[in-house]
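# Observations on the model geometry
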Amino acid sequence: MSRPVRIGVQLQPQHAPEYALIRDAVLRAEDAGVDIIFNWDHFYPLTGDPVGAHFECWTMLGAWAEQTERVEIGALVTGGGYRNPDLLADMARTVDHISDGRLILSIGAGWFQHDYDEYGYEFGTPGTRLNLLKDNLPRIKARLAKLNPAPVREIPILIGGGGERKTLRLVAEYADIWHSFADLDALTHKNTILAEHAAAAGTDAARIERSVPWPGRANADALHAAGVTLFTVGVSGPDYDLTKVEQAIQWRDDVNPEPLEGLA
């Protein structure tokens, strides 16, 4: 399946003492030409001051849905254990409507223990968190099918993670987009594992878009040749410097074929 390259930016909602800084970064990112604007679903910074300024994910996505006009939006990624899955589906449907069908529902098993401990969630083990994600995904799909009004579109599901036995099986069964932190060698290997899971589940691995963090122009060509079409640049507050984002956009425009004009 041939897809154009897309560029995302993850505006990490950390170290911005005023929300206006994030609002401005969203405006600049959409104007720069990104395809997707992500945040993340954490309650504390992941880098720098561990108790520094930070804002919540899903309320922010509702604001982005109103602010933006063209880009898709989502979290990279939603913590799978932070919300009742039926409620999460309803939240996603609502943001999908506010944005007129531009939401990506991104989800993972969760990993940052500070979030869990401070907000009173059971951290458990990687296995128990993945089992919870396995239980939640069909509930999310079922609730989305029941909601009235229905979502504007069939909301794309992005699953983040690279575990070969459990996570990739869930990707094969439920995901439209698979996000990993794999380098070229690991990605090539995991693509084979994903294809095996997809065959076992009766799905088509080719329908799943591959997504990785932006590796820089020097490494992007090889990852693109291996099947990656979504690259996301992570940018932190308070400055939200989009220099690397602009470089990634230029590479995207060099790689993507020119649109054909004048054809009936």
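Here's a quick rundown of the structure. (Residues numbered from 1 in each chain as written. Predicted model: local features only at pLDDT ≥ 70, side-chain atom pairs only at ≥ 80, totals over all residues. Heavy atoms only, no water.)

### What to know about the packing of aromatic side chains
Scanning all chains against the criterion turns up 12 aromatic pairs. A centroid spacing of 4.8 Å and a plane angle of 40° characterise the contact between Phe43 and Tyr82, whose relative ring orientation is tilted. Linking Phe43 in the loop between β2 (36–39) and α2 (57–67) with Tyr82 in the loop between β4 (78–79) and α3 (85–98), this pair joins segments that are 39 residues apart in sequence. When its relative accessible area of 11% is taken as the criterion, Phe43 is described as buried. Ring geometry for Phe231 against Trp251: centres 5.2 Å apart, planes inclined by 85°, an arrangement best described as edge-to-face. (Phe/Tyr/Trp six-rings, centres within 6.5 Å; stacked < 30°, edge-to-face > 60°. Helix = DSSP H or I, 4+ residues; strand = E, 2+ residues; numbered from the N terminus. Buried < 20%, exposed > 50% of the residue type's maximum accessible area, 1.4 Å probe, protein only.)

### A word on helix α9 (residues 243–255)
When the terminal C-alpha atoms of α9 are compared, their 19 Å separation across 13 residues agrees well with the 18 Å that a helix rising 1.5 Å per residue should span. Among the residues of α9, Val245, Ala248, Ile249, Trp251 and Arg252 are the ones counted as buried. Projected down its long axis, α9 carries its buried residues within an arc of 160°, all on one side. Buried residues belonging to α9 abut β1 (6–12), α1 (19–32), α8 (217–225) and β9 (228–236). (Expected span 1.5 Å × (residues − 1). Arc of directions from axis to C-beta. Contact = heavy atoms within 4.5 Å.)

### Concerning the side chain of Asp96
Here Asp96 shows up in helix α3. Notably, Asp96 is buried but unbridged: the nearest opposite-charge side chain belongs to Arg153, and the N-O separation is 4.3 Å. Setting aside its immediate chain neighbours within four residues, Asp96 contacts Gly101, Arg102, Leu103, Pro151, Val152, Arg153 and Ile155. (Lys, Arg positive; Asp, Glu negative; His and termini not counted. Salt bridge = Lys/Arg side-chain N within 4 Å of Asp/Glu carboxyl O.)

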